[in-house]
Amino acid sequence: MSTTTMPADRRAVPLARRSLAPDLARGLMLLLIAVAHAHMYLSGHPVGFRGYTLDGSALDRLVAGIQILLVDGRALPMFAALFGYGLVQLASRQLAAGRAWPDVRRVLRARSLWLLAFGFCHALLLFFGDILGAYGLVGLVLVGFIRRGDRALLWAAGLTTVLHVAVLALFGLLTVSADKGDSIAGMGDPAEALMMRVVGWSGMTPTYFAASVVPAFLFGIWAARRRVLEEPWAHRTLLLRTGVVGTAIAVAGGVPLMLVDTRLWAPSDAIGVSAYALHSVSGIAGGLAYAALIGLAVAGGARRAAPGPVARALAACGQWSLTCYLLQSVVFTVVFVPYLGGLGTRVGDAAASAVAVITWLATVVLAASLSRTGRRGPAETLLRRLTYRRAG
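None of these values were measured; they are calculated from a predicted model. (Residues numbered from 1 in each chain as written. Predicted model: local features only at pLDDT ≥ 70, side-chain atom pairs only at ≥ 80, totals over all residues. Heavy atoms only, no water.)

What to know about the UniProt feature "transmembrane region" (unreviewed entry) in the protein
Heads up, the condition is: UniProt positions are given in the numbering used here, feature names are shortened, and annotations may be inferred rather than shown by experiment. Strands are runs of DSSP state E lasting at least 2 residues, helices are runs of H or I lasting at least 4, and numbering of each runs from the N terminus.
The positions UniProt marks with the feature "transmembrane region" (unreviewed entry) are residues 24–42, 113–146, 153–178, 198–218, 238–260, 280–301, 313–339 and 351–370. This span, residues 313–339, is 85% helix and 0% strand, and a straight line between its end C-alpha atoms measures 34 Å.

Some words on the nonpolar core
Note the following rule: Nine residue types can take part in a nonpolar core, namely buried Ala, Val, Leu, Ile, Met, Phe, Trp, Tyr and Cys, and a core is a set of them joined through side-chain atoms within 4.5 Å. Here's how the labels work: a residue is buried when its accessible area is under 20% of the maximum for its type, exposed when over 50%, partly exposed in between, all with a 1.4 Å probe on protein chains only. Any two residues having at least one pair of non-hydrogen atoms within 4.5 Å are treated as being in contact.
Formed by 92 residues in total, the largest nonpolar core has its most connected members in L108, Y135, I146, F217, L218 and F336. Discounting residues that sit within four places of it in the chain, L108 has contacts with L87, L90, A91, W101, V143 and I146. Judged by nonpolar contacts, the second largest core, of 12 residues, contains F49, Y52, A64 and V260.

Topic: the packing of helix α10 (residues 309–319) against helix α12 (residues 349–371)
Here is the rule: Between the N-to-C directions of two axes lies an angle of 0 to 180 degrees, each axis being a line fitted to C-alpha atoms and, for a helix, fitted only over the stretch in contact. Reported orientations rely on four angle classes, namely roughly parallel under 35 degrees, roughly antiparallel over 145, roughly perpendicular from 65 to 115, and oblique for the rest. Residues are grouped as follows: nonpolar covers Ala, Val, Leu, Ile, Met, Phe, Trp, Tyr, Cys and Pro; charged covers Asp, Glu, Lys and Arg; every other residue, Gly included, is treated as polar.
Put simply, α10 and α12 touch, their axes get as near as 8 Å, and they point 90° apart. It follows that α10 is roughly perpendicular to α12 by the angle criterion. Note on element contacts: α12 touches α10 through W360, T363, V364, A367, A368 and S371, opposite A313, L314, A316, C317 and Q319. Classifying every residue of the contact of α10 with α12 gives eight nonpolar, three polar and no charged.

Here we look at the confidence of the model for the protein
What counts here: What pLDDT expresses is the predictor's confidence in each residue, scored from 0 to 100.
Overall, the prediction assigns the protein a mean pLDDT of 88, with 91% of residues at 70 or greater. Here residues 1–6 scores under 50 on pLDDT; set against residues more than four positions off or in separate chains, the count is five contacts.

Quick look at helix α5 (residues 132–142)
Summarising burial for α5: eight of the 11 residues are buried, a large majority. Looking at α5, one finds that the buried residues are L132, G133, A134, Y135, G136, V138, G139 and L142.

Considerations on the side chain of S280
So the rule is basically this: Any N or O atom pair separated by 3.5 Å or less is treated as a polar contact, with the protein-specific requirement of one donor-capable and one acceptor-capable atom, and with residues adjacent in sequence counted only for side-chain atom pairs.
Within the secondary structure, S280 is located in helix α9 (residues 269–300). A polar contact is formed between the side chain of S280 and the backbone oxygen of Y276, at a distance of 3.0 Å.

Okay, structure coming up:
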């Protein structure tokens with residue numbers, strides 16, 4: 001079915017008419033995702049709770065410390081909030097076009113199911129730490145919250161935040177007691193690595209779902225109902241408070257684990273696990289704060305006739321977020337794994353983050369160049385076609 005003959009409720013919103021703030025947030029978020037994931041491809045070193053090497057250089061420890069404070073456990077909740085926000089936008093467009101809620105729910109679940117399938121393929125071929133599967137799972141299970149009242153939404157967010165702490169504390173205990181063997185990324189046999197990636201993904205996807213994704217996803221739904229990022233100028237006070245308070249909570253909550261994982265502090269295992277759980281739960285506030293600050297920046301520039309070239313390029317990356325996310329894993333696999341580039345056994349955290357930044361910049365340039373003609377990312381296009389084919 002061509003775009004011109006596709007029903008109005010199934011057509012993608014033209015790129016030029018998309019809201020700037022959500023796409024800008026997704027584009028910047030992909031930088032955080034890149035630097036949070038790149039060091040997970042390294043091998044041959046003892047690592048801390050967040051997977052950073054414990055025997056790296058001073059520069060490696062500095063980079064690890066900054067990322068633990070500002071990136072790790074903060075990018076994933078930001079992505080989750082934007083995912084919830086995006087589902088509400090999609091549902092609103094469908095409902096406005098006259099579709100009944102059962103039909104809209106079927107579309108959202110089809111999209112989530114295919115996203116789960118994308119995550120499985122991503123893990124199978126490239127990266128055990130895939131996050132797409134967790135978002136597909138949350139969309140399948142919790143799509144009904146799009147129609148629930150605010151009170152139910154906020155109660156669920158609070159309860160799942162408590163669950164978040166409990167699950168992460170258990171995960172921290174498992175990290176302390178686990179055998180310190182080499183990482184999946186360090187396996188030299190491609191077939192063995194493929195099998196272990198799927199095993200790892202099968203365990204991490206429900207863990208991400210239970211521990212990291214749900215609270216921020218629900219807050220994203222709440223914000224979307226109020227069009228907070230689509231109309232940021234109308235919500236400056238909320239965005240400012242969320243940005244300032246959330247960032248302060250995230251930094252303060254990240255300090256203990258930063259000290260532990262950079263070996264500036266060597267507490268007992270119990271305190272280390274507590275620091276890990278505190279870091280993770282404070283990351284929810286950090287993820288929401290980052291999205292709020294981006295919305296505030298857009299509100300500050302609302303008087304401009306059009307966004308500048310940098311903002312347009314970042315927004316294009318956000319429009320291509322699924323494609324750019326998968327491209328990051330392609331590059332990291334080619335560069336780092338032992339049976340390809342092999343760089344993962346020869347560099348530390350600082351070099352891995354440098355590769356991540358360069359990779360992100362390349363995807364920004366690619367998306368900005370190709371989206372000028374209205375072209376959409378290939379992964380986004382495939383997901384849309386599969387979604388509507390299944391939804392009917």
